[in-house]
Amino acid sequence: KTSTKIKQLLIFLLFSISFQKFNAEPIIEKTINEFQAINLYPERLDSHVHTHAIPNIFKITKKLAQEYKIPYIRLQNERIYKSQGRHPKPINLIKILLLKFFTYFNKKELLNTNINFNNFIVGVGFTGEMTKNTIEDGINSAPYGTVEVLIHAEKNSNNNRENEYLEAKAIKLN
C-alpha cells in the first residue's frame, strides 16, 4: 500500500515537471468558454489534484482569471496539524510540503492583482480520513483568514471511511 502511494507521488512529481512545458492555456480557456456558452460564469478557478498550483500553470490560470474577470483562485496552503493525537501520514506530509512550496510562488503572483484567494486549505493531510474532528481541527489550526475544506467522496481501501461530505456539512461555520 505504501509503495503504491510513493509511486503515485512520483508520478505526480514527474507529471508536474513535464507539465511545466505543456501549454495548458487552450485547455483552461476552452473550459471557461464552454461554461460561458451555457450562461455559467465561473466565480473561481481551481483544479482537481491541484494541477493549477504548478507555478507555470498558475501563471496561465492567473492570466485567464484576469482576462475573463474571474475574481478568485484557490491557493494550496495547508498547515500541518494534529487531529485526535495523530499527524498526517508521511505521504500526505510530502504532498503538503510540495503544495506549500508552489503556494510560496503563486501567492506572490496574486499580491498586486484584484484576484482574491484563500489563506489556507484543509483536506490534503488527512485525505481518506476526513471526519468532523479532522475538519474542525484543520480549520482551528489556521491562525487567520479564509480556510477552504477539500472533500473527497471516495472510500479508503479499508472501506471504513466516513462520508466526508456529510461530516463537513455537519460543521456549523461562522
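This report concerns the structure included in the present document. (Residues numbered from 1 in each chain as written. Predicted model: local features only at pLDDT ≥ 70, side-chain atom pairs only at ≥ 80, totals over all residues. Heavy atoms only, no water.)

**Notes on the overall build of the protein**
Looking only at helices and strands, the protein has six helices and two strands in total. Order of helices (α) and strands (β) in the protein, N terminus to C terminus: α-α-α-α-β-α-β-α. For the protein, restricting intrachain contacts to residue pairs at least 6 apart in sequence, the fraction spanning at least 24 positions comes to 77%. Looking at the protein as shown, the accessible area adds up to about 10600 Å², and 57% of this sits on carbon and sulfur atoms. (Helix = DSSP H or I, 4+ residues; strand = E, 2+ residues; numbered from the N terminus. Contact = heavy atoms within 4.5 Å. Areas by Shrake-Rupley, 256 points an atom, 1.4 Å probe, with all protein chains shown as cover.)

**Observations regarding helix α5 (residues 132–141)**
Because each turn of an α-helix spans 3.6 residues, side chains separated by three or four positions end up pointing in the same direction. The set of residues buried in α5 consists of T134, I135, G138 and S141. The buried side chains of α5 occupy one side of the element, clustering within an arc of 130 degrees when seen end-on. (Buried < 20%, exposed > 50% of the residue type's maximum accessible area, 1.4 Å probe, protein only. Arc of directions from axis to C-beta.)

**A few points about a nonpolar patch on the surface**
A cluster of nonpolar side chains, contributed by F35, I38 and L40, occupies part of the molecular surface with about 290 Å² of accessible area. Inspection of the secondary structure assignment puts I38 in the loop between α2 (25–37) and α3 (55–67). Using a relative accessible area of 57% as the deciding quantity, one classes I38 as exposed. (Patch = residues over 30% accessible without salt bridge, like charges linked within 9 Å, V, L, I, M, F, W, Y side chains within 5 Å. Salt bridge = Lys/Arg side-chain N within 4 Å of Asp/Glu carboxyl O.)

**A few points about the packing of α3 against helix α4 (residues 90–110)**
Where α3 contacts α4, the two axes come as close as 10 Å, and the packing angle between them is 25 degrees. Considering their axes alone, α3 and α4 lie roughly parallel with respect to each other. Our pair here, α3 against α4, has a crossing hand that is right-handed. Across the interface between the two elements, P55, F58, K59 and K62 of α3 pack against F102, N106, E109 and L110 of α4. The residue inventory of the contact of α3 with α4, partitioned by class, reads four nonpolar, one polar and three charged. (Axes fitted to C-alpha atoms, helices over the stretch in contact; angles between N-to-C directions. Parallel < 35°, antiparallel > 145°, perpendicular 65-115°, else oblique. Left-handed = near helix turned anticlockwise from the far one by under 90°. Nonpolar A, V, L, I, M, F, W, Y, C, P; charged D, E, K, R; others polar.)

**Some points on the environment of Y41**
Here Y41 lies in the loop between α2 and α3. Judged by its relative accessible area of 52%, Y41 is exposed. Sequence separation between Y41 and I70 is 29 residues; the distance between their C-alpha atoms is 8.2 Å.

**Side note on the environment of K108**
The residue K108 is located in helix α4 in this model. Side-chain polar atoms of K108 contact the side chain of Y104, separated by 3.0 Å. (Polar contact = N/O pair within 3.5 Å; in protein donor to acceptor, adjacent residues only side chain to side chain.)

**Observations regarding the nonpolar core**
Among the nonpolar cores identified, the biggest contains 24 residues, and I28, I32 and I73 are the most heavily contacted of them. Counting only elements with at least two residues in this core, the list comes to α2, α3 and α4. Apart from the residues lying within four places of it in its own chain, the contact partners of I73 are L45, H52, F58, T61, K62, A65, L110, I115, N116, F117 and N118. The next biggest cluster of nonpolar side chains, apart from the first, holds five residues, and it includes Y81, V122, F126 and I135. (Core = buried A, V, L, I, M, F, W, Y, C linked by side-chain atoms within 4.5 Å.)

**Some remarks on the layout of surface pockets**
The calculated volume of the second largest pocket comes to roughly 380 Å³. In terms of lining residues, the second largest pocket is bounded by 19 residues, among which I28, T31, L45, D46 and S47 are the most central. Put simply, the parts of the chain that give the lining of the second largest pocket at least two residues each are α2 and α3. It is α2 that contributes the most residues to the lining of the second largest pocket, five residues altogether. (1 Å grid on protein atoms, 1.4 Å probe; cavity = no way out; pocket = protein on both sides within 12 Å on 5 of 7 lines; lining within 4 Å. Points joined across faces, edges and corners; volume = space filled by probe spheres on them.)

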